[in-house]
Amino acid sequence: MYFIHRVRSADDGRILRESLPPQNLLSSSMRRQPVPGWRAGAAHLGLPEGSIIAAADRSQTAFVGSLDERGYFLAGSATTPTPHWWLVGLDMRDGHRLFAPVPLGNATKGPECFLNGPTALLCLADDAQTATAWVIDADTGSVSFTGPTDLRLRPPRLAVKQVGIFAVAETEDEGVYGVGAKAEATWFVPGDGAVSTPLIPNIGTAPQTIATQTAASGRSETKVVFSLSDGAIITPQVGEDVRTLGAVVYPGGFAVELIGGESRSKAASPDGIGFFDTTGKRLGQTQDSGNLAANSPDVAVVVSSPESRVYTANGRPIAQIPDFEVLSGARVVGTRLFVDESESPSFPRWQQYDLLTGEKGNACEFDMGFRYLGTDGSVGVFKVLNPDAGLVAKAVDLTNCETAWTLPAEVRSAATIFRVSNTLVQLSDDGTELFSLVAPA
């Protein structure tokens, strides 16, 4: 890697940092193995004796999502042939419950719940024949609607999906709908009915407020950008003789592949990239030819051979990296760029680069993709997914790639770990208690 604009002064470093998306660090130091902070067991949550947080056999995740410092989880009774299910909420600052458990009926498999904007949650039980919905106030737990719904948990029609903090409903080859206060389809954006989401989740930055899907026209390579709150189409400001192709969303805006002139009427590679804010106002543009990488959640990577270029979301060029492919992953942590060079998901290898010095750092054998939970600024924490490993998490010094600590768990237990806002929360081995993970005194 080398710099396109080399950092030569403190001002250059400040400008670079301001160009990168704001990153929220974990609220507690992770230099040493963390210990339990607040604890919230079934009794504390108001659940009946014998209840567990979701399914102890790991068939269903407990964590629904978070809104600011509020985290939401699914809980179920473990002692009856047909379990009863509830939604519970916790304040991450001290672990106090937000409201009494919200009952969600009886079923062998629990409902799935979603955030739906800053003030509401949606829970949905679907037996493939009929579906029942609950619309729940995120602050008080009060149920404003419950009853049958046309929404579903699986395709092809009105399949609910979490995007940012909003629930949307996808219908194949038709488009994307919003979800309203009575669990009904509301606003509509025509298209292929598949919201584009990267394999690498957005960790430590603000949730996305806009999204993309392939346009409904015959131009299958064209993406339409729209608001997740009301479905408003966001039209990027481009010239009259320019056509847009693929688009990728980043914190605070999006980038679009552009094609113009003689090439706009025929299939061709992009001959430029435009950068826009969430209203479609242009922030910058480059004449680089190449496609946008799909799995880079916080910086734009324009893929070309033999080297690809890296840009901030406002179009500031920062680096060039070799041998990068469209489906490769990249993530920024602080002022380090991590690039996925793994040959197999079983053997992760992420090469790091220092964006301030231009130096190539260590290649680390950990997964900066969906196993990454966040950092305190120097130590990264990663979820362990292998139920036979006897571990729930491990931490790695991001500078030298050495393991800082591991967090044990019983083999094939219910134990798992979540990032809820900026707090790490662990589920106990028996699935009956949630507790925060904090630095030892």
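Just so you know, these numbers come straight off a predicted model, no measurement behind them. (Residues numbered from 1 in each chain as written. Predicted model: local features only at pLDDT ≥ 70, side-chain atom pairs only at ≥ 80, totals over all residues. Heavy atoms only, no water.)

Participant: So what exactly am I meant to see when it comes to the overall build of the protein here?
Facilitator: Broken down by element type, the protein carries two helices and 36 strands. For 441 residues, the compact-globule estimate of 2.2 N^0.38 gives 22 Å, and the protein sits close to it at 23 Å. Taking the principal axes of its C-alpha atoms as reference, the protein extends roughly 70 × 50 × 35 Å. For the protein, the residues scored as buried account for 53% of the 441 residues in total. Taking as baseline every contact in the protein between residues at least 6 positions apart, the subset at least 24 positions apart corresponds to 45%. By element, 49% of the accessible surface of the protein is carried by carbon and sulfur atoms, the whole surface being about 19300 Å². (Helix = DSSP H or I, 4+ residues; strand = E, 2+ residues; numbered from the N terminus. Rg over C-alpha atoms; globule rule 2.2 N^0.38 Å. Buried < 20%, exposed > 50% of the residue type's maximum accessible area, 1.4 Å probe, protein only. Contact = heavy atoms within 4.5 Å. Areas by Shrake-Rupley, 256 points an atom, 1.4 Å probe, with all protein chains shown as cover.)

Participant: Explanation requested: the nonpolar core in the structure shown.
Facilitator: Across soluble globular proteins, you tend to see nonpolar side chains buried next to one another. One finds Y72, L87, L104, L121, I136 and F226 to be the most contacted residues of the largest nonpolar core, which totals 28 residues. The contact partners of I136, leaving out residues within four places of it in the chain, are L87, V102, L104, T119, A120, L121, C123, G141, S142 and V143. Counting 19 residues, the second largest nonpolar core, distinct from the first, contains L90, M92, L427 and L434. (Core = buried A, V, L, I, M, F, W, Y, C linked by side-chain atoms within 4.5 Å.)

Participant: I tried to follow the sheet that holds strand β35 (residues 423-427) on my own but got confused; where do I start?
Facilitator: Within a beta sheet, neighbouring strands are joined by backbone hydrogen bonds and run either parallel or antiparallel to one another. Judged by pairing direction, the sheet is antiparallel, and its four strands sit side by side in the order β1-β36-β35-β34 without closing on themselves. Pairing within the sheet leaves two strands with one partner each, and these edge strands are β1 (35-41) and β34 (416-420). Each adjacent strand pair in this sheet contributes to an overall mean axis angle of 30°, direction not counted. Pairing of β34 with β35, which is carried by five bridges, proceeds in the antiparallel orientation. Among the inter-strand pairings, V420 is bridged to a residue of β35, identified as T423. (Pairing = 2+ DSSP bridges. Axes fitted to C-alpha atoms, helices over the stretch in contact; angles between N-to-C directions.)

Participant: Sorry if this is basic, but what is going on with the state of the cysteines here?
Facilitator: One way to say it: the disulfide is the covalent bond shared by the sulfur atoms of two cysteines. Per the counting criterion, the structure on display carries two disulfides. A sulfur-sulfur separation of 2.1 Å characterises the disulfide bridge that pairs C113 with C123. Taking the torsion about the S-S bond as the criterion, the C113 to C123 disulfide, at about 110°, is right-handed. Here C123 lies in strand β8 (residues 120-126) and C113 lies in strand β7 (residues 112-115), a separation of 10 residues in the sequence. (Disulfide = S-S within 2.5 Å.)

Participant: Where do I start with the pairing of strand β32 (residues 391-397) in this structure?
Facilitator: Every regular strand shows the same layout, with side chains that alternate between the two sheet faces. Among the seven residues of β32, five are classified as buried, and the element is accordingly described as predominantly covered. The sheet contact formed by β32 and strand β33 (residues 403-408) spans five bridges and is antiparallel. Considered in β33, the bridge of K394 is made with T406. A loop of five residues connects β32 with β33, the two strands running antiparallel in sequence, and C401 in this loop sits at a positive phi of about 70°.

Participant: Teacher, can you tell me more about the sheet that holds strand β15 (residues 210-214) here?
Facilitator: Spatially, three strands are ordered β15-β16-β17 in an open sheet, and the strand pairing comes out antiparallel. Either end of the sheet is taken by a strand with one partner, and the two such strands are β15 and β17 (233-234). In this structure, β15 lies alongside strand β16 (residues 223-227), joined through five bridges in antiparallel fashion. Note that in β16 the partner of A211 across the bridge is F226.

Participant: Where do I start with helix α1 (residues 10-19) in this structure?
Facilitator: The periodicity of an α-helix, 3.6 residues per turn, causes residues three or four positions apart to be oriented the same way. Among the residues making up α1, those that are buried are G13, L16 and S19. Buried residues of α1, seen end-on, are gathered within an arc of 125° and therefore sit on one face of the element. Those residues of α1 that are exposed and angled more than 90 degrees off the buried face are A10 and E18. Those residues of α1 hidden inside the fold are in contact with β25 (317-322). (Arc of directions from axis to C-beta.)

Participant: Would you explain unusual backbone geometry in this entry?
Facilitator: Glycine aside, the phi torsion of most residues is negative, and most peptide linkages are trans. Here the residue pair P155 and P156 is connected by a cis peptide bond, since its omega of 20° sits within 30 degrees of zero. Here P156 lies in the loop between β10 (143-148) and β11 (159-163). Following S305, the chain continues to P306 via a peptide bond in cis, the omega torsion being 5°. In this structure, P306 sits in the loop between β23 (300-303) and β24 (307-311). Positive phi is not limited to glycine here, since D323 has a value of about 55°. Relative to the helices and strands, D323 resides in the loop between β25 and β26 (330-333). Judged by relative accessible area, D323 falls into the exposed class, the value being 68%.

Function cannot be read off these values alone, since they describe shape.
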